[in-house]
Structures are given as C-alpha cells and as structure tokens.
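Close look at the chain arrangement
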Amino acid sequence: MYQRILLPTDGSEASSTAAEAAVTLANQFDAELHVIHVLDHDQPSTDTDGVNAPDRSGEEAVQTAVELAASSDVEATRAVIEKTKSIHQEILTYTDKHSIDCIVMGTRGRSGLSLSRAVLGSVAELTLRESPVPVMTVHEETVVDADINSVLVPTDGSECAHTAVEHAGELARSVDATLHIIYVAEIGQVINGERVERLREALEEIGEKALDLALEKVQSSTYLPTETSVLTGPPYLEIVRYAEEHDVDCIVMGTHGRKGIRRFLLGSVTERVIRRAGVPVISVK
C-alpha cells in the first residue's frame, strides 16, 4: 500500500516520535524510507563552535532517524535540502519528485498549545492542507505500536469521509486489521427533553445510513472484519475516547467534512483529534 514514505525531521521531540512511526510503517509495508531536513537560514543561530546550529541539528536529526531505520533493517535515503521556498513547499516538491505516497510528520500535541488557538502557519498544518498524499501525524505523547491491528475511521457521509473510509479499508485489509467505522451525532445544547430525543433519533438514523454507505464501500471486494457504532457527543472527544477504549492503533480521517471547510485547522474536528489522540492519525483529502 505504502511504497515510499517520507519523514521530514527537525530534531524536535515530536519529530523523534515521527521517526519511530515512519520506521515502523516502512518496516510493516517493506517500503522505502526517505528522511529529509530543510535548512532554514531565516532563523540564524550559532553554537559555541560558531557552526550554524540549525544546520548541525538538522544533520544530526537525519542521522538519528537513519540509524533508527538501520536498527530495524529499513533502508533509508537521506537528504538535507537548502530552502528556496517555504519549508512545506520543499516537502511537497520532494514528495512529487520522488513519488512519495505517505508523509509522516511530528506536530504539537495537547500540551503544545491551548485548544482555543490555531496552529496557523505551522509546517505540519500547511503540509496537511496542501499534500496530495496521505499525511500521518504524531505528537510527543503518541504511542506507536509495532503492528497496525485495528484502524478507526469516523464518517459523516461526506465525499471527503468516503475517501477516508476507502483509504482506511485498504489499510486495514493490507495488514489484516479490524476496521472500526463510527458516526458521531452532535446534538448540542437543547433544553426541551422531547426535542432532544427527536433530534437524537433523526441524527442516529442519518448515522446508520452513513455507516451503511461506508460498509458498502469497504465490503465491495473481499471480506474485511468491521465494527460500526453510532455515538453521541462532541465529535473529536468521542473519536478519541472510542480509540482509547477499543485499543485502536491508527485513526484515518478526512481533512474537511460535510461543511466543506477547506482550511484544515481553526478548530476542525480533525485538528482536535490530531492534537488529542494517543495514536497516529492519517489525514486524507
């Protein structure tokens, strides 16, 4: 499924977790691993030897990731790239040039920023927004399992969710994993009890239809072990809670849902799940 995996690294703690995830993924799929660092001379900082610190830390980050790959018998290609445009554009240019089919990146987790703030301008956000290939994100607290045995994909019946369901189904089938498909009905604050119940029933009916469509997609070829659930509550919290309670190894999500949000972050469900989930999240368009 994944033949060429790209790991952009900057030596941060999140990048170290991303390296672990990338090597694990490459090992599971017998894929090529490409490790890159984009030199950013816009932030000059020298160490005590007078050597540019970002240059040195970038080289060291790449070397550390390559050594980690070697310890797992994963062959890695390395590159340190001089920045001629924005960092995320350099990443995407490399992705296109080398036919990368999955990017693995570190990003800030729940302790990195308050949830009320957007991670506007971050390399991970911009890459997620524009990448033509799936992007797996992890943060400092992400737990990376050696094997993917269970995959979770939320759906809201949108076109982007259908794409995520297809990708999750392909992933689960390729590693003999169980696929969990959920729909989260968000009722919100409604005072009238009878109205709440009618709304709940209507949303659950919509959810069942969305799950039926998702099942039709993933079961169209060979059999795939699948579990489905309709949940009620704040979507990002329910998705994270379900992943924890069912020992899910990976979450697959679309980058915008039924509302057609083209901007990836700014409070979207996917952004919040990425920040809060304890497992890797693969985002697809």
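For the structure itself, consult the block above.
The sections below set out a description of the structure shown in this document. (Residues numbered from 1 in each chain as written. Predicted model: local features only at pLDDT ≥ 70, side-chain atom pairs only at ≥ 80, totals over all residues. Heavy atoms only, no water.)

1. Remarks on the environment of Glu244
Take Glu244: it is sitting in helix H7 (residues 235-245). Between the alpha carbons of Glu244 and Gly278 there is a distance of 7.6 Å; along the sequence they are 34 residues apart. (Helix = DSSP H or I, 4+ residues; strand = E, 2+ residues; numbered from the N terminus.)

2. Some thoughts on the nonpolar core
Grouped together as the largest cluster of nonpolar side chains are 48 residues, with contacts concentrated most on Ile5, Leu25, Leu33, Val104, Val151, Leu171 and Leu179. Of all the elements, helix H1 (residues 13-29) adds the most residues to this core, at eight residues. When sequence neighbours within four positions are dropped, the list of residues in contact with Leu25 reads Tyr2, Ile5, Cys102, Val104, Met136 and Ile148. (Core = buried A, V, L, I, M, F, W, Y, C linked by side-chain atoms within 4.5 Å. Buried < 20%, exposed > 50% of the residue type's maximum accessible area, 1.4 Å probe, protein only. Contact = heavy atoms within 4.5 Å.)

3. Side note on H1
In this model, H1 (17 residues) spans 25 Å end to end at C-alpha, consistent with the 24 Å of a helix rising 1.5 Å per residue. When you tally the buried positions in H1, you get 12 out of 17 residues, the bulk of the element. Of the positions making up H1, those classed as buried are Ala14, Ser15, Thr17, Ala18, Ala19, Ala21, Ala22, Val23, Thr24, Leu25, Ala26 and Phe29. Taken from the residues just after H1, Asp30 is the one with a positive phi, measuring 50°. (Expected span 1.5 Å × (residues − 1).)

4. A word on the environment of Ile148
Structurally, Ile148 can be placed in the loop between strand E5 (135-138) and strand E6 (150-154). Look at Ile148 and you get buried, because its relative accessible area is 7%. Sequence separation between Ile148 and Cys250 is 102 residues; the distance between their C-alpha atoms is 6.9 Å. Sequence-distant contacts of Ile148, that is, excluding residues within four places in its chain, are made with Leu25, Gln28, Leu171, Val175, Ala177, Asp249 and Cys250.

5. Things to note about the sheet that holds E5
The strand order across the open sheet built from 10 strands is E3-E2-E1-E4-E5-E10-E9-E6-E7-E8, with neighbouring strands paired in mixed fashion. Every other strand in the sheet has two partners, leaving strand E3 (76-82) and strand E8 (226-232) as the edge strands with one partner each. Neighbour-to-neighbour, the strand axes of the sheet open up by a mean angle of 25°, direction not taken into account. Pairing analysis gives five bridges linking E6 to strand E7 (residues 178-185), with the strands arranged parallel. In the sheet register, Leu152 faces E7, and the bridge partner there is His180. Here H1 sits on the sheet in contact with strand E1 (4-8), strand E2 (32-39), strand E4 (102-106) and E5, set at roughly 150° to E4. (Pairing = 2+ DSSP bridges. Axes fitted to C-alpha atoms, helices over the stretch in contact; angles between N-to-C directions.)

6. Overview of the packing of H7 against helix H8 (residues 269-276)
Packing of H7 against H8 leaves a shortest axis separation of 9 Å and a crossing angle of 40°. Classified by the angle between their axes, H7 and H8 sit oblique to one another. Considering the relative orientation of H7 and H8, their crossing is right-handed. Contacts between H7 and H8 involve Pro235, Tyr236, Leu237, Ile239 and Val240 on the former and, on the latter, Val269, Arg272, Val273 and Arg276. (Parallel < 35°, antiparallel > 145°, perpendicular 65-115°, else oblique. Left-handed = near helix turned anticlockwise from the far one by under 90°.)

7. Brief notes about the pattern of salt bridges
Under the definition given, this model contains four salt bridges. In this structure, the salt-bridge partner of Arg241 is Glu238, at a minimum N-O distance of 2.5 Å. One end of the pair is Arg241 and the other is Glu238, both in helix H7 and three residues apart, which spans about a single turn. In this structure, Arg275 engages Glu271 in a salt bridge whose closest nitrogen and oxygen atoms are separated by 2.9 Å. Taken together, the residues Arg275 and Glu271, both in helix H8 and four residues apart, mark about one turn of the helix. (Salt bridge = Lys/Arg side-chain N within 4 Å of Asp/Glu carboxyl O.)

8. So, the packing of helix H3 (residues 87-97) against helix H4 (residues 123-130)
Between H3 and H4, whose axes approach to 9 Å, the crossing angle comes to 45°. On the basis of their axis angle, the class for H3 and H4 is oblique. Handedness of the crossing formed by H3 with H4: right-handed. Residue-level contacts link Ile87, His88, Ile91 and Leu92 of H3 to Val123, Leu126, Thr127 and Glu130 of H4. Taken together, the residues of the contact of H3 with H4 sort by class into five nonpolar, two polar and one charged. (Nonpolar A, V, L, I, M, F, W, Y, C, P; charged D, E, K, R; others polar.)

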